[in-house]
Amino acid sequence: MHPYRTHKCDELRKSDAGATVRLSGWIFRKRDHGGILFIDLRDHYGITQVVVHPSRSFFEALTHAKLETVVTVTGVVTPREESTVNPDLPTGEIEMVADECVLESPAEQSPIYLPGDDDCAEEVRLKYRYIDLRRESLHNNILLRSKIIAHLRQVMTAAGFNEYQTPILTCSSPEGARDYLVPSRVHHGKFYALPQAPQLFKQLLMVAGFDRYFQIAPCFRDEDARADRSPGEFYQLDIEMSYATQDEIFAVVERVLVDTFKTFSEKTVDETPWIRIPYQEAMLKYGTDKPDLRIPIEIFDCSATFANSGFNAFAGAVKAGSVVRAIPVKGIKDKPRSFFDRLVAYAQSIGSKGLAYLVWDGDEIRGPIKKFLSDDELTALAAAGGVTDGDVIFFVCDKPTKAAGIAGDIRSKLGRDLAIIDEKVFRFCWIVDFPMFELDEESGAVVFSHNPFSMPQGGMDALLNQEPLDVLAWQYDVVCNGVELSSGAIRNHRPEIMYKAFEIAGYGPEVVEEKFSSLLNAFKYGAPPHGGIAPGVDRMVMLIAGAENIREVIAFPMNQRAQDLMMDAPSEVSERQLRELHIKIRGKEVNQTE
RNA sequence: GGGGACGUGGCGCAAUUGGUUAGCGCACCGGACUGUCGAUCCGGUGGUCGCGGGUUCGAAUCCCGUCGUCCCCGCCA
């Protein structure tokens, strides 16, 4: 007989009755009746009830064994009496009556009580991650992640892509996020950087003629964490295609994401092709470039209606360059006054000067600003918002960018507070036609708004003949339920267009040559037109698992301050290591005064 | 870098808003119990209330500082 097990803890059924079997696992729960002891034995696969009689030599030892102790038990599979069957357990029709038992690894009292559903402090969970990972929910998430990654590889390979690996030790890139640096021992004073993404390498693979690339790629960025953003490192399904149009790239991504989401989730997934929303339209209708389309509210502009109205606060502001954005909401006329007051307070808390609203209540229209508006103006607003009896429109007035943001925030809050978000669907969309350039708020200068490697729509002609702020880029995002899953672009593979784009953003050719020499040089030896995208794997798993926090889909995550509390990383290193790397740690005071 | 919330036995929480010996549930220890499946019942151990300072006759509670965790803003081409 196998020294540890003949079966897994989810395998035994009534048909196995009478067999002598061996199981190994953790003591998940104990029920001690004095004259009889029940143990729920748990492994990766499931739970089997073990019955221990007091006549057994190990009865006393098991009675006193702490939870999470690892044991190997040998005994006979016994069918349970009708009344003692546990229908909640796949193995609930049988139990194992123990004849032999080996205590493989006694446990101390666990800092995490696994059978309980009480959440414990994140700090404790991270420090004892190997225990926390035994919990069914987290265990399943990590297993789901494994299956999703295997599935992604399978679908991509079937679609004619090959997985290529790219360097982890590379060089610091001049734009984007802060790099993680790795000092060179051999080269005094020089550093490698961990890749923020394999961006340059995947483009160089296209130049090298590999045509269709993908990689489950680790990415490293030294930026602060969020609930949906792991600090330090994360994974992307990195994709790049030669001779591909935007439509072809969309088709590939739609296929792999729909397939994956449908395979691993019960929720409804949008049929393809997904709707495409130009960036400007998204900012107007949803107040964000990552709209949650599950919220049935569309913002509209009504600046013109207010411009000549008697509501001076708005009319004056519109004449001074502000806009009025309207947020129409169905059927909430009966919400108490406190609901509206709280929403006004919320609007103010996020920087709005106020929040006006009108309520369509039967034949009457009421609300704080009603008296300032003419019948024609009210009619126009109702028509624009598709308003019927019971509906409410909220109004935000501010400079265009700020008004859009505030209206978008309020739209999201209404979605949550009114519970009008359909939790059973994944709503996907493409955000397209991002602007190539934007004005830097502080300096007023024209800067790249997204990715300097994107091809401008219209190519060189657009750069030469259009206002820089009007030039659109072949740049796109995938958004699912308000989560930005991915960003991508058709790349700029033409050196002369790249020089021109950088010139508009205020960089001379020497800057392009110095910072992007590898790519630029490569493009001088025959570069195929190409483009790609990189959906975030962690966020994908998070959405499918329904996790609120990205740590719930990562086996060994860091905390918000980018520390691994289990391994105690980052840690100090020896003076000898530092000397070998030609590194001297500055005093803290020096840093503070800089 | 900034804002907010939280910090009380191993874990999750409470303490009537400054007042007696800091309670409760789970875990843990001891006892009872041969059919439970979150077993039950009886009894018990365990806390310098994150840390430091201050106010007060008296501080878990108020004030100041500091550390830690989480959430958000900045940041994330």
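Residues numbered from 1 in each chain as written. Chains lettered and ligands numbered in written order. Predicted model: local features only at pLDDT ≥ 70, side-chain atom pairs only at ≥ 80, totals over all residues. Heavy atoms only, no water.

S.K.: Give a detailed account of helix α14 (residues 495-504), specifying residues and quantitative values.
M.R.: Along α14, seven of the ten residues are buried, which leaves the element largely enclosed by surrounding structure. Looking only at α14, the buried set comprises Pro-495, Ile-497, Met-498, Lys-500, Ala-501, Phe-502 and Ile-504. Tucked into the core, α14 has its buried residues touching β20 (437-439), β21 (446-448), α13 (459-465), α15 (509-515) and α16 (517-523). One or two positions beyond α14, positive phi appears at Gly-506, with a value near 95 degrees. (Buried < 20%, exposed > 50% of the residue type's maximum accessible area, 1.4 Å probe, protein only. Helix = DSSP H or I, 4+ residues; strand = E, 2+ residues; numbered from the N terminus. Contact = heavy atoms within 4.5 Å.)

S.K.: Quick rundown of the domain arrangement of chain A? Include the residues and the values.
M.R.: In terms of domain boundaries, chain A breaks down into domain 1 (14-105), domain 2 (122-263 + 535-594) and domain 3 (295-421). On a C-alpha basis, the centres of domain 1 and domain 2 stand 42 Å from each other. (Domains from an automatic or database assignment.)

S.K.: A description of the state of the cysteines should follow, citing residues and the corresponding values.
M.R.: The final tally for this structure, using the stated rule, is zero disulfides. Cysteine Cys-9 remains unbridged, with the sulfur of Cys-101 as its closest cysteine sulfur at 13 Å. (Disulfide = S-S within 2.5 Å.)

S.K.: An account of the protein's contact with RNA strand B is needed here, citing residue identities and associated values.
M.R.: Not every one of the 47 residues close to RNA strand B is listed here, only the nearest: Thr-84, Glu-95, Glu-223, His-450 and Asn-549. Expressed as a percentage, the sugar and phosphate content of the atoms of RNA strand B within 4 Å of the protein is 56%. Between a sugar or linking oxygen of RNA strand B and a side-chain N or O atom of Gln-109, the distance comes to 3.0 Å. At a separation of 3.2 Å, a sugar or linking oxygen of RNA strand B approaches a polar backbone atom of Gly-176. The element best represented in the surface near RNA strand B is strand β1 (residues 20-32), accounting for four residues. Here the residues of the surface near RNA strand B are counted per class, giving 13 nonpolar, 16 polar and 18 charged. (Near = heavy atom within 4 Å. Polar contact = N/O pair within 3.5 Å; in protein donor to acceptor, adjacent residues only side chain to side chain. Nonpolar A, V, L, I, M, F, W, Y, C, P; charged D, E, K, R; others polar.)

S.K.: I'd like a rundown of the packing of helix α6 (residues 246-264) against helix α17 (residues 537-545), residues and numbers included.
M.R.: Taken N-terminus to C-terminus, the directions of α6 and α17 make an angle of 40 degrees; their axes are 10 Å apart at the nearest point. Considering how the two elements wind past one another, α6 and α17 form a crossing that is right-handed. Here α6 contributes Leu-257, Thr-260, Phe-261 and Phe-264 to the contact with α17, which in turn contributes Met-540, Leu-543 and Ile-544. Counted by class, the contact of α6 with α17 contains six nonpolar, one polar and no charged residues. (Axes fitted to C-alpha atoms, helices over the stretch in contact; angles between N-to-C directions. Left-handed = near helix turned anticlockwise from the far one by under 90°.)

S.K.: Talk me through the sheet that holds strand β22 (residues 475-480); I want residue IDs and the actual numbers.
M.R.: The strand order across the open sheet formed by eight strands is β6-β9-β10-β24-β23-β22-β19-β12, and the pairing between neighbours is mixed. The sheet terminates laterally at β6 (162-163) and β12 (275-278), the two strands that pair on one side only. With respect to the sheet, helix α5 (residues 199-207) is in contact with β9 (212-221), β10 (232-242) and β24 (530-533), its orientation differing from that of β10 by roughly 20 degrees. Its contacts with the sheet place α6 against β9, β10, β12, β19 (428-432), β22, β23 (483-490) and β24, and it is angled at close to 155 degrees to β19. (Pairing = 2+ DSSP bridges.)

S.K.: How would you sum up the nonpolar core? Please name residues and give values.
M.R.: Leu-257, Phe-261 and Phe-428 are the most contacted members of the largest nonpolar core, which has 66 residues in total. Sort the elements by how many residues they give to this core and α6 lands first, with eight residues. Those residues in contact with Leu-257 that lie beyond four places of it in its chain are Trp-274, Phe-428, Val-478, Leu-485 and Met-540. Ile-327, Val-344, Val-359 and Leu-414 belong to the second largest nonpolar core, which has 26 residues in total. (Core = buried A, V, L, I, M, F, W, Y, C linked by side-chain atoms within 4.5 Å.)

S.K.: Explain α17 to me, using residue names and the numbers behind them.
M.R.: Of all nine residues that make up α17, eight are buried, and the element is covered over most of its length. Buried within α17 are the following residues: Val-537, Asp-538, Arg-539, Met-540, Val-541, Met-542, Leu-543 and Ile-544. Looking at the buried positions of α17, the neighbouring elements they touch are α4 (136-158), β10, α6, β18 (425-426), β22 and β23. Remark: Gly-546 follows α17 within two positions and exhibits a positive phi of approximately 70 degrees.

S.K.: Which residues make up the pattern of salt bridges, and what values do they have?
M.R.: All told, the structure shown has 38 salt bridges when counted by the stated rule. Arg-145 is paired through a salt bridge with Asp-538; the nearest N and O atoms lie 3.0 Å apart. Of this pair, Arg-145 sits in helix α4 while Asp-538 sits in helix α17, placing them 393 residues apart in sequence. Overall, the relative accessible area of 12% leaves Arg-145 in the buried class. Exposure remark for Asp-538: the relative accessible area of 4% places this residue in the buried category. Counted as one network, the salt bridges with shared partners bring together Arg-125, Arg-129, Asp-132, Arg-135 and Glu-552. (Salt bridge = Lys/Arg side-chain N within 4 Å of Asp/Glu carboxyl O.)

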